[in-house]
Amino acid sequence: MRITPVIRPALAAFRMSAPRMSAPRMSAAAAGSAAARVRSSGAALRVARALFAATAPRLLVVAAAALVGAASGCGGGSADGTGASPPASAAAPLASAGAAGFRAYEFETCWGSRGAGPGQLYSPKGVAVDGDGFVYVADRGNHRVQKFTGDGGLVAVWGSKGTGEGQFRVPSRVAVGPDGTVYVADTRNHRVQAFAPDGAFLHAWGHEGDGPGAFLQPRGVAVGPDGTVYVSDERAARIQRFTAEGRFVRAWGKLGGGEGQFRHPKDLATAPDGRVFVADSGNERVQVFTADGEFVAAFGGHGEGVGAFRGPRGVAVTEDGVILVSEYRGQCIEEFSPDYAPLGAWGAEGDAPGRFDGPRAIALAPDGRLYVADMANHRIQCFVPVEE
């Protein structure tokens, strides 16, 4: 059974009046029982309202929880946490209708479970896709990188906790260059490491500090169409630009809320035309720059409605310029037009397939699939764009 898409624009008005609280998880049995009561009772509206108030002050959550009773986790996954593909009845995205240009996505698959074994994940924060469709994950809590096929088959694992070459201390983001080089933001080692696609160490740069080429907890990494590497230097409140070999080119930004200033810049992404998009999380916005760091635009701002943010953490840009932003506290993905106008949003809090618990980085594959690092659910989710 597929979940009928839920209309998200109504959520904007609802959020303005709804109480701010976290939605407790509902088991499949509890949800099924609640749905049965709704069907059998003549007071269906009163029961539905009570269920809504008790389980989620979010319109999108109750629609699936009460009527479908979706199983938690990735469902139907293998014992080692790889290649998880849930039953069709358990998974469908909670999507929204939106403005013209909105692109709906459907849940396709997910993989991962909390643990340290091959294919398992512990608070994954970073995800990237190369030109051949392989998926790289910054497995933050396990201090390693894992490489998967596009449907979750484990290919390679490298790294361990430490300060040596190929070791990590809390890797936060990962990016892939046009030549296949894999770049990892090795956050607490205050450096960026570069690897071959099979995990062989190539080189590294950076050390703790606030000078050119030094870092104070590099959080995000992205690669431009020409191979230029951009790094969000979180505690230094700036973006740094490097050559593919790690040579410092320039830096921009400082602490603040003005144009070109940052508070906790997290993820960043590059567009096909070379623009740089920064998830300026502490300022609840996304900022846009030229490849040289000149300010272009900013959009978002703290709020509950579509077009506003509650913890922007990940950003990605499609080939035709649509901007996708993950909200850590909003538990959703928002979409914006190439000229930064809000189009709509989709997502819900929870651990069933298609829902999120603290989504972080997002990445687009060459075929248009969207991968989400669903951090607190310790998994990667894959969504496919819905054909009109």
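Attention here is on the structure that accompanies the text.

Definitions and cut-offs
- Residues numbered from 1 in each chain as written.
- Predicted model: local features only at pLDDT ≥ 70, side-chain atom pairs only at ≥ 80, totals over all residues.
- Heavy atoms only, no water.
- Helix = DSSP H or I, 4+ residues; strand = E, 2+ residues; numbered from the N terminus.
- Buried < 20%, exposed > 50% of the residue type's maximum accessible area, 1.4 Å probe, protein only.
- Contact = heavy atoms within 4.5 Å.
- Areas by Shrake-Rupley, 256 points an atom, 1.4 Å probe, with all protein chains shown as cover.
- Pairing = 2+ DSSP bridges.
- Axes fitted to C-alpha atoms, helices over the stretch in contact; angles between N-to-C directions.
- Phe/Tyr/Trp six-rings, centres within 6.5 Å; stacked < 30°, edge-to-face > 60°.

Looking only at helices and strands, the protein chain features 4 helices and 24 strands. Relative to its 388 residues, the protein chain shows a buried fraction of 59%. Across the protein chain, every contact between residues at least 6 apart in sequence was considered, and the portion connecting residues at least 24 apart equals 51%. Just so you have it, the protein chain exposes about 14600 Å², and 52% of that area is on carbon and sulfur atoms.

If you walk across this open sheet you meet the 4 strands as 2-3-4-5, and the pairing is antiparallel. A strand with exactly one partner marks an edge of an open sheet, and here the two such strands are strand 2 (126–129) and strand 5 (154–158). Going across the sheet, the axis of each strand differs from the next one's by a mean of 20 degrees, ignoring polarity. Bridging between strand 3 (residues 135–139) and strand 4 (residues 144–148) involves 5 bridges; their strand directions are antiparallel. Bridging from a neighbouring strand, Val135 pairs with Phe148 of strand 4.

This paragraph deals with the packing of aromatic side chains. As enumerated under the stated definition, the model contains 24 aromatic pairs in all. Plain terms: the ring middles of Phe107 and Phe383 are 5.9 Å apart, the flat faces sit at 80 degrees to each other, and that makes the pair edge-to-face. Here Phe107, found in strand 1 (residues 105–111), pairs with Phe383, found in strand 24 (residues 379–385); they are 276 residues apart in sequence, far enough to count as distant. The class of Phe107 is buried, set by a relative accessible area of 9%. Phe383 gets classed as buried once you look at its relative accessible area, which sits at 0%. Ring geometry for Phe215 against Phe242: centres 5.7 Å apart, planes inclined by 55 degrees, an arrangement best described as tilted. Pair noted here: Phe215 is in the loop between strand 9 (201–205) and strand 10 (218–223) and Phe242 is in strand 12 (residues 238–242), with a separation of 27 residues, a long-range link. The exposure class of Phe242 is buried, given its relative accessible area of 1%.

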